[in-house]
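Take a look at the letters that make up each chain.
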Amino acid sequence: MSKLFKNYTNSYFAYLQIEKNSSVHTVKNYRDDLEHFFMFMNEQLITELTDVTHQTARLYLTLLHEKKMARASVSRKISALRGFYRFLMRENVVTENPFLLVHRPKGTKKLPSFFYEEEMKELFEAAEGADPLSIRNRALLEILYGTGIRVSECAAIELPDLDARLGVLLVHGKGGKERYVPYGSFAAEAVEHYNQNSRPLLMKKNEHSKLFVNFRGAPITTGGIRHILNDLIQKASLSGKIHPHMLRHTFATHMLNNGADMRTVQELLGHASLSSTQMYTHITKEHLQHTYRNHHPRA
């Protein structure tokens with residue numbers, strides 16, 4: 001990549017972080033996407049950003065499809081390049097956006113996986129124990145299931161984020177957005193037990209304000225949380241592996257199945273739009289059909 005290209009891309013990434021409040025994960029993915037396209041430009045002997053046309057963009061899209069790249073990946077690459085050229089237009093570097101009319105493939109929507117209530121009982125039983133790590137695992141599980149927060153948001157919890165008097169948690173969400181979510185009596189009791197009888201023992205000589213820590217006393221990572229949850233699944237003899245959002249999906253599904261309105265669930269999950277929350281209606285419809293078939297005499 002030329003020095004000029006680097007100047008443009010660095011300015012773009014600074015714009016994403018500062019003005020758009022994009023997450024570190026998004027910026028990293030967009031950086032990879034732009035570098036991939038610059039390699040394509042080099043193969044096509046295109047040396048200037050102003051020389052990229054709509055036909056160039058179509059050719060690039062064709063190449064991605066020929067490589068059998070996943071629809072979601074192709075869609076993200078097009079979004080990254082469309083946003084990059086929109087930024088270049090704003091900076092008067094180019095006069096048109098060659099990716100503006102390029103069709104983004106729609107990903108196939110999969111229904112979110114979730115745990116049934118009986119499975120959650122088995123998970124909580126698997127987390128029982130009097131040792132410091134078991135006490136931590138129980139508190140971790142109660143918070144994830146009781147609030148529906150993301151695994152990354154759970155790892156980021158600081159001690160001052162918990163308001164035990166009101167039973168609410170300040171969550172630092174995606175894009176620098178913050179929201180308050182309530183947590184119930186089970187989570188409150190588990191966290192208090194963890195803070196009094198487990199965290200001090202695990203902390204040893206460490207000094208930091210993160211709520212959840214690993215066995216060395218360092219702040220827990222998202223990978224560490226996933227490892228703990230997978231261990232609990234194996235201990236509970238449940239099939240499959242847990243994915244990062246499975247407890248989040250379970251929280252939303254159980255809330256809706258028990259009568260919560262979608263706007264409230266949207267706010268608790270921190271979804272920017274209601275459409276992100278609406279995917280759970282498909283699960284709740286299946287739940288209603290299952291209940292109907294099992295309990296109505298003429299189903």
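Here goes a summary of the coordinates provided. Model, not experiment: these values are computed from the prediction.

**A word on the overall build of the protein chain**
- Along its length, the protein chain carries 13 helices and three strands.
- Classification of the 299 residues of the protein chain by burial places 41% in the buried group.
- Looking at the protein chain alone, contacts between residues at least 24 apart form 55% of all its contacts between residues at least 6 apart.
- In the form shown here, the protein chain has an accessible surface area of approximately 17,500 Å², with 52% of it arising from carbon and sulfur atoms.

**A short note on the pairing of strand β3 (residues 178-182)**
- Of the two faces of β3, the one holding Arg179 and Val181 is buried and the one holding Glu178, Tyr180 and Pro182 is not buried anywhere.
- Sheet topology note: the strand β2 (residues 168-172)/β3 ladder contains five bridges and is antiparallel. Looking at β3, one finds that Val171 is bridged to Arg179.
- Here β2 folds back onto β3, and the loop between the two strands holds five residues, one of which, Gly175, carries a positive phi near 65°.

**Topic: the sheet that holds β3**
- Overall, antiparallel pairing links the three strands, which are arranged β1-β2-β3 in an open sheet. Here the strands that pair on one side only, and so sit at the sheet edges, are β1 (162-163) and β3.
- Sheet topology places β1 next to β2; two bridges connect them, and they run antiparallel. Bridge pairing in β2 places Asp163 opposite Val168.

**A word on the packing of helix α5 (residues 117-126) against helix α6 (residues 132-147)**
- Between α5 and α6, the least distance of the axes is 9 Å, while the angle of their chain directions is 155°. Viewed along their axes, α5 and α6 adopt a mutual orientation that is roughly antiparallel. Where α5 crosses over α6, the two elements pack in a sense that is left-handed. For the pair formed by α5 and α6, the contact residues are Met120, Leu123 and Phe124 on the first element and Arg138, Leu141, Glu142 and Tyr145 on the second.
- Taken together, the residues of the contact of α5 with α6 sort by class into five nonpolar, no polar and two charged.

**Examining the packing of helix α11 (residues 246-257) against helix α12 (residues 262-269)**
- One can describe the packing of α11 onto α12 by two numbers: an axis separation of 10 Å at closest approach and a directional angle of 160°. In this view, α11 runs roughly antiparallel relative to α12, as classed from their interaxial angle. As α11 packs across α12, the resulting crossing turns out to be right-handed. Each of Arg248, Phe251, Ala252, Met255 and Leu256 in α11 lies in contact with α12, whose residues at this interface are Met262, Val265, Leu268 and Leu269.
- In terms of residue class, the contact of α11 with α12 is made up of eight nonpolar, no polar and one charged.

**A short note on α5**
- Within α5, the full set of buried residues consists of Met120, Leu123, Phe124 and Ala126. Down the axis of α5, the buried side of the element spans an arc of 155°, and every buried residue falls inside it. Exposed side chains of α5 directed beyond 90 degrees from the buried face belong to Glu118 and Glu125.
- Residues of α5 that are buried make contact with α6, α10 (222-235) and α11.

**Looking at the side chain of Thr250**
- By the secondary structure assignment, Thr250 is in helix α11.
- Among the residues examined, Thr250 registers a relative accessible area of 0% and is labelled buried.
- One polar contact links the side chain of Thr250 to the main-chain amide nitrogen of Phe115, over a distance of 2.9 Å.
- Not counting chain neighbours up to four residues away, the residues in contact with Thr250 comprise Phe114, Phe115, Met120 and Tyr145.

The rules we used
- Residues numbered from 1 in each chain as written.
- Predicted model: local features only at pLDDT ≥ 70, side-chain atom pairs only at ≥ 80, totals over all residues.
- Heavy atoms only, no water.
- Helix = DSSP H or I, 4+ residues; strand = E, 2+ residues; numbered from the N terminus.
- Buried < 20%, exposed > 50% of the residue type's maximum accessible area, 1.4 Å probe, protein only.
- Contact = heavy atoms within 4.5 Å.
- Areas by Shrake-Rupley, 256 points an atom, 1.4 Å probe, with all protein chains shown as cover.
- Pairing = 2+ DSSP bridges.
- Axes fitted to C-alpha atoms, helices over the stretch in contact; angles between N-to-C directions.
- Parallel < 35°, antiparallel > 145°, perpendicular 65-115°, else oblique.
- Left-handed = near helix turned anticlockwise from the far one by under 90°.
- Nonpolar A, V, L, I, M, F, W, Y, C, P; charged D, E, K, R; others polar.
- Arc of directions from axis to C-beta.
- Polar contact = N/O pair within 3.5 Å; in protein donor to acceptor, adjacent residues only side chain to side chain.

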